[in-house]
Amino acid sequence: MSVHRNAHRYTVATITVSALILAGSGTASAAVPAAPERPAATAATGPPAVVPAVRAFKAASGPGWRPQPGSRVVIDAKSPGLADEGELLARELGLAYGKTAAPASGDIRLALSGSASGPAESYGITVSGGRVDVTGPDEAGVFYGTRTVKQAVRTTGALAEGTVTDGPAKPQRGLNLDIARKYFTPGWIEARLRAMADLKLNQLVLHISDDQGFGIEIKDPRYAKSVSAARLSQAQLTGIVKLAESLHITVVPEIDSPGHLGAVLKSFPDLRLKDVNGRIVQGAIDISQAGAGPVVDALYKEFLPLFPGGAWHLGGDEYQALTWRNPEASFPNLAAAAHRLYGPGGTVKDLATRWLDDRARALAPSKKRLKAWNDGFYTGGIAKADAAIEAEYWTGKEIGARLPEGYLAEGRKVVNLNDAYLYYVLGQPNDFTYPTGQAIYQEWTPAVLRGSRPVPDAARYQDSILGARLAVWCDRPEAQTEGQVASGIRLPLAALSQKVWDAGQPTRSWSAFQELVGRADPGGGPARAGATAPTGGASAAGSP
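Here the structure is a predicted model, which means the values were calculated and not measured.

Trainee: Describe the layout of surface pockets, with residues and values.
Mentor: One number sums up the size of the largest pocket: a volume of about 380 Å³. Contributing to the lining of the largest pocket are 19 residues, with Asn202, His248, Ile249, Thr250 and Gly310 lying nearest its centre. Those elements giving two or more residues to the lining of the largest pocket turn out to be helix 2 (139–155), helix 4 (234–246) and strand 11 (250–257). No other element matches the three residues that helix 4 contributes to the lining of the largest pocket. In terms of residue class, the lining of the largest pocket is made up of nine nonpolar, seven polar and three charged.

Trainee: Outline empty space enclosed by the protein, supporting the account with residue identities and numerical values.
Mentor: Its boundaries defined by the atoms lining it, the largest cavity holds a volume of some 40 Å³. Lining the largest cavity we find Ser257, Pro258, Gly316, Tyr319, Ala352, Trp355, Leu356, Gly376 and Tyr378. The dominant element in the lining of the largest cavity, judged by the number of residues it contributes, is helix 9 (residues 348–363), at three residues. Looking at side-chain class alone, the lining of the largest cavity contains six nonpolar, three polar and no charged residues.

Trainee: Give me the lowdown on the pairing of strand 10 (residues 203–207), citing residues and values where you can.
Mentor: Within strand 10, five of the five residues are buried, which leaves it mostly tucked inside the rest of the structure. Alternating positions in strand 10 separate into two faces, Gln203, Val205 and His207 on one and Leu204 and Leu206 on the other, with burial throughout. With helix 3 (residues 186–198) bridging strand 9 (residues 172–178) and its parallel neighbour strand 10, the resulting β-α-β unit is right-handed. The pairing of strand 10 with strand 11 spans five bridges and is classified as parallel. From the neighbouring strand, Val205 faces strand 11, where its bridge partner is Val252. Once you follow strand 10 into helix 4 and on to strand 11, the crossover reads as right-handed.

Trainee: Requested: an account of the pairing of strand 9, with residues and values cited.
Mentor: By the criterion of burial, strand 9 is predominantly enclosed, with seven of the seven residues buried. Strand direction decides the pairing type here: strand 9 and strand 19 (residues 465–473), joined by six bridges, are parallel. Its bridge partner lying in strand 19, Leu177 is registered against Val472. As paired strands, strand 9 and strand 10 are joined by five bridges and run parallel to one another. Across the sheet, Leu175 pairs through a bridge with Leu204, a residue of strand 10.

Trainee: Which residues make up the pattern of salt bridges, and what values do they have?
Mentor: Applying the stated criterion to the full structure yields 28 salt bridges. Among the ionic pairs, Glu92 bridges to Arg147, the shortest N-O distance being 2.7 Å. Here Glu92, found in helix 1 (residues 83–93), pairs with Arg147, found in helix 2; they are 55 residues apart in sequence, far enough to count as distant. Judged on exposure class, the residue Glu92 and its partner Arg147 are both buried. In this structure, a network of salt bridges that share partners links the residues Arg369, Lys371, Glu390, Glu392 and Arg469.

Trainee: Break down helix 8 (residues 332–342) for me, citing the residues and quoting the values.
Mentor: Looking at helix 8, one finds that the buried residues are Leu334, Ala335, Ala337 and Ala338. Buried residues in helix 8, looked at end-on, bunch into an arc of 160 degrees, giving them a common side. Against strand 12 (272–274), helix 7 (327–330) and helix 9 lie the buried residues of helix 8. A positive phi of about 85 degrees marks Gly343, the residue just after helix 8.

Trainee: Any chance you could break down the packing of helix 8 against helix 9 for me, citing the residues and the numbers?
Mentor: For the pair helix 8 and helix 9, the least separation of the axes is 8 Å and the interaxial angle reads 75 degrees. Overall, the two elements helix 8 and helix 9 adopt an arrangement that is roughly perpendicular. Contact residues: Leu334, Ala335, Ala337, Ala338, Leu341 and Tyr342 in helix 8; Val348, Asp350, Leu351 and Arg354 in helix 9. Grouping the amino acids of the contact of helix 8 with helix 9 by side-chain chemistry returns eight nonpolar, no polar and two charged.

Reading guide: rules and limits
Residues numbered from 1 in each chain as written. Predicted model: local features only at pLDDT ≥ 70, side-chain atom pairs only at ≥ 80, totals over all residues. Heavy atoms only, no water. 1 Å grid on protein atoms, 1.4 Å probe; cavity = no way out; pocket = protein on both sides within 12 Å on 5 of 7 lines; lining within 4 Å. Points joined across faces, edges and corners; volume = space filled by probe spheres on them. Helix = DSSP H or I, 4+ residues; strand = E, 2+ residues; numbered from the N terminus. Nonpolar A, V, L, I, M, F, W, Y, C, P; charged D, E, K, R; others polar. Buried < 20%, exposed > 50% of the residue type's maximum accessible area, 1.4 Å probe, protein only. Right-handed = clockwise from strand over helix to strand, strands pointing away. Pairing = 2+ DSSP bridges. Salt bridge = Lys/Arg side-chain N within 4 Å of Asp/Glu carboxyl O. Arc of directions from axis to C-beta. Contact = heavy atoms within 4.5 Å. Axes fitted to C-alpha atoms, helices over the stretch in contact; angles between N-to-C directions. Parallel < 35°, antiparallel > 145°, perpendicular 65-115°, else oblique.

The structure is reproduced here in structure tokens:
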């Protein structure tokens, strides 16, 4: 491919915050390093120093809270589902896990507050009487509250007396990762999940299929020629998904079609699209053939049990037949199929729209929320794409693509993957440059869907812009190592997390935010509170 791409309103359950604490970051399933050294006991003041920043803090009189010998993490007896969150936080902070014991002074208590107490993923922290109470309407919200406690311990060692009310501006916040064209080890992906969790990001989209490879094992022997030599096994994928679920992250697969299918078509060469002169069109499947749809639908059937989350990406972008000046003349087989379905006015665009809707129908029994790239939605034709499919807006430059306000005005939900700010394309081909955290932090908002300006009348569409993801595309897979990619996306991902959690203008300067990310070290191991960030490697505060 040329280069692939290539709110809910916040009201929160009240929570009282007493002090920020010093802790390490850990994993959801493995033991974490020993608890960090405690800083000198001084009363904390002000809101927690965390990334993303909390949205509201009300100070109160009192000493706040910091971990002490004998401090525990306990959960409310009526909230047994919080056991995983409680155990994880206890490991990360080096505290005892007291299960459902009655909370005492010095403890952190986790509890569900009921769905009526606030929107999904919101939480509150109350620090009072020498104790921390973290509450929320759902387990995800309480989990995000524990991320605030963890980061606060890392950055200042304590939580100030008072109340935090917090919750996300956008329901979709995350990372897109191209595993079709570059192999990323399971450990590397799991490390990204832990960093994402600390940043309160909730979605990892895996781009699995492309012309150069297919990044996950396929057990169906018919696809033996399609799978990349270096790829994730299904068992490894299951481990990644399990970790993600424990961190309240949804892993979303993208099996792109009808373009970007070059690797799949190695196993089905008779389905490759050919032009009027018999020339093969790279990566494109011949959607006029009856056997084309079942080839993709069989992959859906195999992979659906591996991705239990609530969303699925259909792809839909860059179907090369539509880049020709006269698709109907260049591909008479496609034109004939369109005429059979839609009459003499039917076009290849209509046939491509029918393909997208057919794939949506194949997935309908799964009840998943469906996504497709914005240039896979066409205007001026007879066929209309299912209105429920979310448009993942990455470009206004591809053939058929429109300005973002066109999608919003027709009522379609949109997710922001603006290629000017959010595309990390390995090797920087086609005039791409690596995104910087500073540009995202200072210039971009979720309403900046294309170029550098918000969509007109942005306030009108806030609820239709569902969020954003940073996207790693591996056009030149050898251009960077795993470590370089991790270092390169560290600050852009942190900046994105701030802007999708609170779309308003940040209060910290860029230099102060950069320094805070270094101290918070999302996904990293234990670090002494207030310590300066490392000067090199994936945790360097000076990275892009």
